[in-house]
Amino acid sequence: MSETVSLFSLFASSFLAATLLPGGSEAVLFVVLKAYPSTMWTALGVATLGNTLGGMVSFGMGWLVPQTRQLRHLEKVRRYGAPALLFAWAPLIGDALCLAAGWLRLNPWQSALYMAIGKFARYWVIAYVAS
């Protein structure tokens, strides 16, 4: 597989893993970095971008859900606001955080920024382990 195809596969995997679909973009990043170690920063950027865009799709889905009643489990997300999305990378709760942030109508730019920071940090740890 070529470097370009590997990076495209990484983007697709990262994007899909951040939506409600299951996926393992971490493994794809690890394989890409083992095959092409010189692409570390590019791969980190591609994975972070794909995963953040996928998270924003979940955010948008939450934004589309009507706010017909108050949900008590969202109080912590409301209290912490967009910085709560630093944990959008976490298994099981990450997708729910993105949906909740959209439903709460948090600022999309701030949400994307915090999401990207958290997701980049996770991918950076994987890249460090792979090197």
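For the structure given in this document, a descriptive report is provided here. What you see is a predicted model; the values in this text were computed from it and never measured.

### Some remarks on the overall build of the protein chain
Part 1 of the argument: Counting its secondary structure elements, the protein chain contains six helices and zero strands.
Part 2 of the argument: Going from N to C terminus, the protein chain has its helices and strands arranged as α-α-α-α-α-α.
Part 3 of the argument: Compactness check: the protein chain gives a C-alpha radius of gyration of 15 Å against a globular reference of 14 Å for 131 residues, within 12% of the reference.
Part 4 of the argument: Across its three principal axes, the protein chain shows a C-alpha extent of roughly 50 × 25 × 20 Å.
Part 5 of the argument: For the protein chain, the proportion of contacts with a sequence separation of at least 24, taken over those separated by at least 6, is 80%.
Part 6 of the argument: When the accessible surface of the protein chain is totalled, it reaches about 7,500 Å², and 71% of it is carbon and sulfur.
Part 7 of the argument: In the protein chain, which carries 9 positive and 4 negative side-chain charges, the distance between the mean positions of the two groups comes to 12 Å.

### Observations concerning the environment of Leu-106
Part 1 of the argument: Structurally, the position occupied by Leu-106 is in the loop between α5 (94-103) and α6 (108-130).
Part 2 of the argument: You can call Leu-106 buried: its relative accessible area is 14%.
Part 3 of the argument: Considering only alpha carbons, one finds Leu-106 and Ser-25, 81 residues apart in sequence, at a separation of 26 Å.

### Section: a nonpolar patch on the surface
Part 1 of the argument: Taken together, the side chains of Phe-30, Trp-41, Phe-120, Trp-124, Val-125, Tyr-128 and Val-129 define a hydrophobic patch exposed on the protein surface, amounting to about 750 Å² of accessible area.
Part 2 of the argument: Considering every element that reaches the nonpolar patch, the biggest residue donor is α6, with five residues.
Part 3 of the argument: In this structure, Val-129 sits in helix α6.
Part 4 of the argument: On the basis of relative accessible area, Val-129 is assigned to the exposed category, the value being 56%.

### A look at unusual backbone geometry
Part 1 of the argument: One non-glycine residue, Leu-92, lies in positive phi territory at about 75°.
Part 2 of the argument: Turning to its location among the elements, Leu-92 is positioned in the loop between α4 (75-80) and α5.
Part 3 of the argument: Positioned with a positive phi, Arg-105 is a non-glycine residue whose angle comes to about 60°.
Part 4 of the argument: Along the chain, Arg-105 turns up in the loop between α5 and α6.

### Describing helix α2 (residues 25-35)
Part 1 of the argument: Residues of α2 that are buried include every one of Ser-25, Leu-29, Val-32 and Leu-33, and no others. Along α2, the residues classed as buried sweep out an arc of 95° about the axis, all on the same side.
Part 2 of the argument: Taken together, the buried residues of α2 touch α1 (3-18), α3 (40-64) and α6.

### Here we look at the layout of surface pockets
Where empty space is left in the structure can be found by rolling a water-sized probe over the atoms.
Part 1 of the argument: In this model, the second largest pocket occupies a volume close to 170 Å³.
Part 2 of the argument: Around the second largest pocket, the lining residues are Leu-74, Lys-76, Val-77, Tyr-80, Pro-83, Ala-84, Phe-87, Ile-93, Ala-96, Leu-97 and Ala-100.
Part 3 of the argument: For the lining of the second largest pocket, the secondary structure elements donating two or more residues are α4 and α5.
Part 4 of the argument: Of the residues contributing to the lining of the second largest pocket, the split by class is 10 nonpolar, no polar and one charged.

So, how was this worked out
Residues numbered from 1 in each chain as written. Predicted model: local features only at pLDDT ≥ 70, side-chain atom pairs only at ≥ 80, totals over all residues. Heavy atoms only, no water. Helix = DSSP H or I, 4+ residues; strand = E, 2+ residues; numbered from the N terminus. Rg over C-alpha atoms; globule rule 2.2 N^0.38 Å. Contact = heavy atoms within 4.5 Å. Areas by Shrake-Rupley, 256 points an atom, 1.4 Å probe, with all protein chains shown as cover. Lys, Arg positive; Asp, Glu negative; His and termini not counted. Charge placed at Lys NZ, Arg CZ, Asp CG, Glu CD. Buried < 20%, exposed > 50% of the residue type's maximum accessible area, 1.4 Å probe, protein only. Patch = residues over 30% accessible without salt bridge, like charges linked within 9 Å, V, L, I, M, F, W, Y side chains within 5 Å. Salt bridge = Lys/Arg side-chain N within 4 Å of Asp/Glu carboxyl O. Arc of directions from axis to C-beta. 1 Å grid on protein atoms, 1.4 Å probe; cavity = no way out; pocket = protein on both sides within 12 Å on 5 of 7 lines; lining within 4 Å. Points joined across faces, edges and corners; volume = space filled by probe spheres on them. Nonpolar A, V, L, I, M, F, W, Y, C, P; charged D, E, K, R; others polar.

Taken by themselves, the reported measurements are silent on function.
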